[in-house]
Amino acid sequence: MDLPESTKEVALPKDPLEMIIGQSDAVEAAKIASRQRRHLLLVGPPGTGKSMIAQSLARLIPPPKQEVAVLHNFSNPERPILDVRQFKPCYGKEEGILVPLSRVPKYVAERLGCKCNVCGGLSSTTYLCPKCGSDKQTKGLTPFEDLVSSKGAKTNERVYAIRKCPDGKEEMMVYEKADGDKVRVYDQKSLTKVVDSEMKPRKVIILLKRNTFVQATGASETELLGDVRHDPYGGHPEVGVLPYMRVLPGAIHEAHEGVLFIDEIANLNYLQRYILTAMQEKKFPITGRNASSTGASVRVDGVPSDFILVAALNMSDLPSLLPPLRSRIAGNGYEVLLKTHMEDNEENRDKMVQFIAQEIVKDGRIPHANAEAILALIEEARKRARLVDNASGLTLRLRSISGIIKLAGDLACIDGSEFIEKKHVEAAIKRGRSIEEQVNERYGSWWRAGMSEYGGKIERGDAKEVA
Ligand SMILES: Nc1ncnc2c1ncn2[C@@H]1O[C@H](COP(=O)(O)OP(=O)(O)OP(=O)(O)O)[C@@H](O)[C@H]1O
Ligand SMILES: [Mg+2]
């Protein structure tokens, strides 16, 4: 094996999924899940990379496109109106009408930067005129161009103008640049409609700019499903807080368009049922979850919850996973059993070196490891596969190896050493032993350890163990 002189020389991958060592099936499933929006069930022992896979998956999916808000409902305040917007338009795009550039007044086209100062051609490009090939903005037609033309002037994305209607009245018009040599025009009517919805009291409950990774491990009912806060004044318009202002989204809503990660999902018990409903419907109502609170009478229906579920659990907890939820994941996603060890070959030893370098860089406070230290760490991975999983190969219970690397790094720091050396790794392995290992070494068996804790007075039928 070609060992580098130290982990300093190891090039680290940029793709977060490539940082995951030895779990190719799970990584493959995560890639497909992100592209096709499928769910993922990761089963495996602690420290094998389940959380890491879920986080990397979330980084692969595109940023959310919807913003969700609740509006005050004047006629029925306890039923706030749901407002789901695609992106965040400054005007309701659907309200204006699209017209070709040739139909807007010349001065508007000019101020939008759509008219070429050289040939007079109209196009929505920013600099070069597609008709004559000149720079639309810099070459003017008159010697006084800087005074009378728009040369050098900042072009506008939007132009406001007053139009005289046939009945003699004046009305405000807004022209907005659009794609494909078109302009979007808003007249007074469409503007009033837009302004109306803008003016309605509104609370954004799911921001457009949000994280695509939402962790709901060990969440309570309200954290998971949302809530409506209590108001001692019952939402009285004068002294209380209006119901729409008290609506709180749950993790299932915050994960809309993103990843909802639930570690040890079996621990959610009856809450699994709600996750199943939210997954099926892709929406879930928000209501006050405490029957004695004034929030209980408030309800917003159909709040979007279209998430990719990544659930993780240990193999022994599999029977506690709600069967319909499991079948839902299997029917629209992947179940992956994580590996506990990998074959001891050159390729995988290289991966182990990459892992060691990664952990050192991630930690940021410890020095790099030299070749001998790398070998000692690989030997430890070999030993752990044998001891823990009774397998020949290299362990993939990598959190424990990560612990040794950090401990060895700390020892190297204390030593003032430039690198983590073999002696630091050996000392870290000794110090980093589990309580079980320490008990075994000190007392020989748990029974003896128990005897010594109680001063040897414990009476137990099993005489053989005492002997
Ligand atoms: N397959 C792996 N590739 C690279 N690093 C790993 C891998 N597995 C674990 N690690 C390291 O161990 C740490 C813990 O991993 P992670 O939290 O993903 O494990 P987990 O399976 O979610 O454990 P738990 O069941 O305890 O939540 C990671 O931050 C990483 O440093
Ligand atoms: Mg985890």
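The structure presented is a predicted model; accordingly, all values stated were derived computationally and were not measured.

## Here's the deal with the confidence of the model for the chain
Phase 1: Summing up the model confidence of the chain, the mean pLDDT is 86 and the portion of residues at 70 or higher is 89%.
Phase 2: Every residue in residues 460-467 scores below 50 in pLDDT, and together they form five contacts with partners more than four places removed in sequence or on other chains.

## Points about the environment of Pro324
Phase 1: As for its position among the elements, Pro324 is in helix 9 (residues 323-331).
Phase 2: For Pro324, a count of 13 C-beta atoms within 10 Å corresponds to the partly exposed category.

## Here we look at the sheet that holds strand 2 (residues 66-71)
Phase 1: With antiparallel pairing, three strands are arranged side by side in an open sheet as 3-2-8. At either end of the open sheet lies a strand with only one pairing partner, and these are strand 3 (81-86) and strand 8 (202-206). Taking the axes of each pair of neighbouring strands and ignoring which way they run, one obtains an average angle of 30° across the sheet.
Phase 2: Of the strand pairs in this sheet, strand 2 and strand 8 are connected by four bridges, and their pairing is antiparallel. Bridged to Leu71 within strand 8 is Arg202.

## So, unusual backbone geometry
Most peptide bonds are trans, and most residues other than glycine sit at a negative phi.
Phase 1: If you check the backbone angles, Glu264 has positive phi at about 50° while not being a glycine.
Phase 2: By the secondary structure assignment, Glu264 is in the loop between strand 12 (259-263) and helix 8 (272-281).
Phase 3: Here Asn269, not a glycine, exhibits a phi torsion of approximately 50°, which is positive.
Phase 4: With respect to the helices, strands and loops of the structure, Asn269 is situated in the loop between strand 12 and helix 8.
Phase 5: Given 10 C-beta atoms within a 10 Å radius, Asn269 is considered exposed.

About the thresholds
Residues numbered from 1 in each chain as written. Chains lettered and ligands numbered in written order. Predicted model: local features only at pLDDT ≥ 70, side-chain atom pairs only at ≥ 80, totals over all residues. pLDDT = per-residue confidence, 0-100. Contact = placed C-beta atoms within 7 Å. Helix = DSSP H or I, 4+ residues; strand = E, 2+ residues; numbered from the N terminus. Buried ≥ 20, exposed ≤ 12 C-beta atoms within 10 Å, placed from the backbone. Pairing = 2+ DSSP bridges. Axes fitted to C-alpha atoms, helices over the stretch in contact; angles between N-to-C directions.

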